[in-house]
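Examining the three-dimensional arrangement
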Amino acid sequence: MRRLLWLGIGLAVGALVVRKLTRTAQAYTPQGIAGSVAESAGGLVRSLRDFADDVRDGMAEREQQIHQAFAEGVAFDDQFEELRDDPRIGDRELFPEEGTR
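All of these numbers come straight from a predicted model, not from anything done at the bench.

Across its full length, the chain carries four helices and zero strands. For the chain, the sequential pattern of α-helices and β-strands runs α-α-α-α. Each of the 101 residues in the chain was classed as buried or not, and the buried ones make up 3%. Accessible area for the chain stands at about 9,700 Å²; split by element, carbon and sulfur atoms hold 61% of it.

Next up, the structure:
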């Protein structure tokens, strides 16, 4: 009876090992490699689409805020206003005035 038990355990382990080796070997065939590349590319495309959707949503929300402030006649809160006055930042370095060349 013990021998049958160990024989059954050995057969089960052997079957699991063979299945695992077959799957691993299939992953390195040309078809397996093409499939994994296609899955990776599909994931990248989905990620880029999600990113673009998030950017569009953020742009639409910000545009709505600007339109609402304009309609109310309120000066829009410009978070970069103090940076525009800084002479080290912006167009001033790229396009110096005539007298400073």
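Taken together, the side chains of Leu5, Trp6, Ile9, Val13, Val17 and Leu21 present a nonpolar region at the surface, about 610 Å² in accessible area. With respect to the helices and strands, Leu21 occurs in helix α1 (residues 2–27). Taking relative accessible area as the criterion, Leu21 reaches 56% and is therefore assigned exposed.

With 43 residues, helix α2 (residues 30–72) should cover 63 Å at 1.5 Å per step; its first-to-last C-alpha distance of 63 Å lies within 8% of that length. Gly73 occupies a position one or two residues after α2 and carries a positive phi of about 75°.

What follows covers a negative patch on the surface. Residues Asp50, Asp54, Asp57 and Glu61 make up a contiguous surface patch of negative charge. Topologically, Glu61 is positioned in helix α2.

Once that is clear, we can look at the confidence of the model for the chain. Residues at a pLDDT of 70 or more form 78% of the chain, whose mean pLDDT is 83. Within the chain, the element-level pLDDT minimum falls on helix α4 (residues 91–94), averaging 50, and the maximum on α1, averaging 93.

How each quantity is defined
- Residues numbered from 1 in each chain as written.
- Predicted model: local features only at pLDDT ≥ 70, side-chain atom pairs only at ≥ 80, totals over all residues.
- Heavy atoms only, no water.
- Helix = DSSP H or I, 4+ residues; strand = E, 2+ residues; numbered from the N terminus.
- Buried < 20%, exposed > 50% of the residue type's maximum accessible area, 1.4 Å probe, protein only.
- Areas by Shrake-Rupley, 256 points an atom, 1.4 Å probe, with all protein chains shown as cover.
- Patch = residues over 30% accessible without salt bridge, like charges linked within 9 Å, V, L, I, M, F, W, Y side chains within 5 Å.
- Salt bridge = Lys/Arg side-chain N within 4 Å of Asp/Glu carboxyl O.
- Expected span 1.5 Å × (residues − 1).
- Lys, Arg positive; Asp, Glu negative; His and termini not counted.
- Charge placed at Lys NZ, Arg CZ, Asp CG, Glu CD.
- pLDDT = per-residue confidence, 0-100.

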